[in-house]
Amino acid sequence: MTIKTLLGTAAFLAVSATGAFAEGETVGFSQIGSESGWRAAETTLTRQQAEERGIQLQFSDAQQKQENQIAAIRSFVAQGVDAILLAPVVATGWDSVLQEAKEAEIPVVLLDRQVDSSEDLYLTAVGSNLVHEGEVAGEWLVNEVGDRECRIVELQGTTGSSPAIDRKTGFENAIKDHANLSIVRSQTGDFTRALGKEVMESFIQAENGGRDICALYAHNDDMAVGAIQAIKEAGLKPGEDILVVSIDAVPDIFKAMADGEANATVELTPNMAGPAFDALEAYWADGTMPPKFIQTESKLFTQADDPAGEYERRKGLGY
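A brief structural summary. (Residues numbered from 1 in each chain as written. Predicted model: local features only at pLDDT ≥ 70, side-chain atom pairs only at ≥ 80, totals over all residues. Heavy atoms only, no water.)

Inspection of the sheet shows strand E6 (residues 150-156) paired to strand E7 (residues 181-188) by 7 bridges, in the parallel sense. Bridged to Glu 154 within E7 is Ser 186. The parallel pair E6 and E7, bridged by helix H6 (residues 162-175), forms a crossover whose chirality is right-handed. (Pairing = 2+ DSSP bridges. Helix = DSSP H or I, 4+ residues; strand = E, 2+ residues; numbered from the N terminus. Right-handed = clockwise from strand over helix to strand, strands pointing away.)

The next subject is the packing of helix H7 (residues 193-206) against helix H8 (residues 221-233). With their axes 7 Å apart at the nearest point, H7 and H8 run at an angle of 45° to one another. The pairing of H7 with H8 is recorded here as oblique in orientation. In this structure, H7 crosses over H8, and the sense of that crossing is right-handed. Listed contacts from H8 to Arg 193, Gly 196, Lys 197, Met 200, Glu 201 and Ile 204 of H7 are Asp 222, Met 223, Val 225, Gly 226, Ala 227, Gln 229, Ala 230, Ile 231 and Glu 233. For the contact of H7 with H8, the residue count by class is 7 nonpolar, 3 polar and 5 charged. (Axes fitted to C-alpha atoms, helices over the stretch in contact; angles between N-to-C directions. Parallel < 35°, antiparallel > 145°, perpendicular 65-115°, else oblique. Left-handed = near helix turned anticlockwise from the far one by under 90°. Contact = heavy atoms within 4.5 Å. Nonpolar A, V, L, I, M, F, W, Y, C, P; charged D, E, K, R; others polar.)

Attention now moves to the pattern of salt bridges. Evaluated as defined, the whole model comprises 24 salt bridges. For Arg 193, the salt bridge is made with Asp 222, and the minimal N-O distance between the two is 3.0 Å. With a gap of 29 residues between them, Arg 193 in helix H7 and Asp 222 in helix H8 connect regions that are remote in the sequence. Connected through salt bridges with shared partners, the residues Glu 267, Asp 306, Glu 310, Arg 313 and Arg 314 form a single ionic network. (Salt bridge = Lys/Arg side-chain N within 4 Å of Asp/Glu carboxyl O.)

Written out as structure tokens, the structure reads:
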């Protein structure tokens, strides 16, 4: 047998062994909840990725409560799962339960959010650069308004969550050197459409019926969609009277953009599970350690980027 044949056979066996080893692995997934269309799409795609790879997925919906996530992780540890996926609702308070998973030799992969814990307590984190997302949104607004005065209202995400913290930081970084842009009101909408509408109603009431508001920056599209409804009910034109920029790129924001009611969104891909499972499969196969952060791609979309077509392409993804 030639060296080339031997190498080919070895490669085939390695691939076969990897596939066999991954087949039937059990992974616990602690999901924040279903507070947004993006979150629902992430759940759908995670289930699809697991099924395609022959991975048994144990799913737990935390309903936006950290105590439910901690209980779920402890349950996964007790079950002896092979790995845990965690989309953390907030950044702090994870040290003890992550230590328990580490002691049980169960690798943990963070999805789309970060935690304020030692990096040795989790295998890797898959996500976007959240600060950069905020910067892209802010830079778009800076370019859009030019030198004119712009009073901005901000719908923040869940208090204490890494997206809320980082998307605010990034946006503020982008506008800080432009004295004509200022955030005049900022409040959490908890990433939900209903609360986004409610808080926007209060902003409108406080800002001369909304006539003193130049732009809305929302930390996610669902809050923006709720706010758009509030703007319309106030007799104003979203996208014209009040500019709307947000983050996630869910189908409904593209529909709003196609209707001229939203102006821009920054994409956050919901397929965090693909890179996460790739990292886990390599780790299971031969102990390969992934980088501590696996960054996904982000992109700015405006009304010039075929929003009607983007809506059609995305609407079947589980949003």
